[in-house]
Amino acid sequence: MTLAGSNTDVDYLTAEKRQIIDACPKCHGLDFDCPCYHEYDVEVRKVRACIPMKYRKAALSVITSPQSEKPKEQLASYIKSMTKYRKHGTGLYLWGAEGTAKTYLGCAVLIEALRHGYSAYFTTLTDCVDNIIRSRDAFAYMLQNTTYLMIDDMGYAYRPIRDEVAYVDSVLDKVVRARCNNLMPIILTSHKNITELALANPSGARIASIIKEHMKRVQFTGPNFRDTIKL
Ligand SMILES: Nc1ncnc2c1ncn2[C@@H]1O[C@H](COP(=O)(O)OP(=O)(O)O)[C@@H](O)[C@H]1O
Ligand SMILES: [Mg+2]
Ligand SMILES: [Zn+2]
């Protein structure tokens, strides 16, 4: 299971503690009731939620290009009514072209869930499949019980070792169904629309019908932002 605890995560949290608590202009780290302690706690939970380093500071306000206006509006309204959507188990299906901030903005929503005090977990479909094979029930238990689950790049076809396909498929199916029945929100990103997703994996058709019933669909359009990145 990929859990927190690498040196980079420790370094990240050490730097965050210095910046947020030790350098707090209000309490200089001396008042446990100061909001700075809550802010740091959110950082610890981002690491535990396995939010990748690149997306740990994700926020809607950072993305300002016009192509993202509409998805941002939809996500802002989802965040505004987070308690209500959480109660109904309504998740998000973020779909569209590559490099249009689907993963980034999905993580921004996940971080808001952490701020609301909910538990959350980030994984990609590929890692999820690997971990299901490696850690069996323990990983499935976690997938089922974290309040918000984000599975990135759901549209990729997974190709686990031949005789594991049926097993992975049944675990994924069980997890998604149990989550929906227990009104636990799922956030998915995908470069495929629902019809295409239905054909991508053995469990695609069932997942597509679950998306229709339990997730708000948010479309991302526009040019690939990765093309504009200069290194
Ligand atoms: N509309 C946008 N405005 C600014 N930066 C963007 C935008 N879309 C994507 N990016 C940047 O491009 C990179 C890829 O975004 P990502 O969320 O990983 O894309 P996707 O998951 O849609 O393929 C990230 O560094 C992100 O910050
Ligand atoms: Mg992505
Ligand atoms: Zn403080």
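Reading guide: rules and limits
Residues numbered from 1 in each chain as written. Chains lettered and ligands numbered in written order. Predicted model: local features only at pLDDT ≥ 70, side-chain atom pairs only at ≥ 80, totals over all residues. Helix = DSSP H or I, 4+ residues; strand = E, 2+ residues; numbered from the N terminus. Rg over C-alpha atoms; globule rule 2.2 N^0.38 Å. Buried ≥ 20, exposed ≤ 12 C-beta atoms within 10 Å, placed from the backbone. Contact = placed C-beta atoms within 7 Å. Domains from an automatic or database assignment. Nonpolar A, V, L, I, M, F, W, Y, C, P; charged D, E, K, R; others polar. Near = placed C-beta within 6 Å. Pairing = 2+ DSSP bridges. Axes fitted to C-alpha atoms, helices over the stretch in contact; angles between N-to-C directions. Core = buried A, V, L, I, M, F, W, Y, C linked by C-beta atoms within 7 Å.

1. Focus on the overall build of the protein chain
Inference 1: Broken down by element type, the protein chain carries 9 helices and 5 strands.
Inference 2: Reading the helices (α) and strands (β) of the protein chain from amino to carboxyl end gives α-α-α-α-β-α-β-α-β-α-β-α-α-β.
Inference 3: Here the C-alpha radius of gyration of the protein chain, 18 Å, is about what a compact globule of 231 residues would show, namely 17 Å.
Inference 4: In terms of principal-axis extent, the alpha carbons of the protein chain reach across some 55 × 40 × 40 Å.
Inference 5: Here the protein chain holds 231 residues, and the buried ones make up 32% of them.
Inference 6: Put simply, 80% of the contacts in the protein chain that link residues at least 6 apart link residues at least 24 apart.

2. Looking at the domain arrangement of the protein chain
Inference 1: Taken as a whole, the protein chain is organised into domain 1 (1-48) and domain 2 (58-228).
Inference 2: Between the C-alpha centres of domain 1 and domain 2 there is a distance of 26 Å.
Inference 3: Broken down by class, the residue content of the side of domain 1 that touches domain 2 amounts to 2 nonpolar, 1 polar and 2 charged.

3. Focus: the site of ligand 1
Inference 1: Around ligand 1 sit 15 residues, and of these Ala101, Lys102, Thr103, Tyr104 and Phe225 come closest.
Inference 2: Here the element with the most residues in the shell around ligand 1 is helix H5 (residues 102-115); it accounts for 3 residues.
Inference 3: The residue inventory of the shell around ligand 1, partitioned by class, reads 5 nonpolar, 7 polar and 3 charged.

4. What to know about the sheet that holds strand S3 (residues 148-152)
Inference 1: Read across the sheet, 5 strands follow the order S2-S3-S4-S1-S5 without closing on themselves; strand pairing throughout is parallel. Two strands lie at the open edges of the sheet, namely strand S2 (120-124) and strand S5 (215-220), each paired on one side alone. The sheet shows a mean angle of 15° between the axes of neighbouring strands, taken without regard to direction.
Inference 2: Bridging between S2 and S3 involves 5 bridges; their strand directions are parallel. Bridge pairing in S3 places Thr124 opposite Asp152.
Inference 3: Lying over the sheet, helix H3 (residues 69-80) contacts strand S1 (91-96) and S5, oriented at roughly 155° with respect to S5.

5. Re the nonpolar core
Inference 1: Val109 and Leu110 are the most contacted members of the largest nonpolar core, which has 49 residues in total.
Inference 2: Considering every element that reaches this core, the biggest residue donor is H5, with 9 residues.
Inference 3: Those residues within four positions of Val109 in sequence are excluded, and the remaining contacts are Leu75, Tyr78, Ile79, Leu92 and Ile187.

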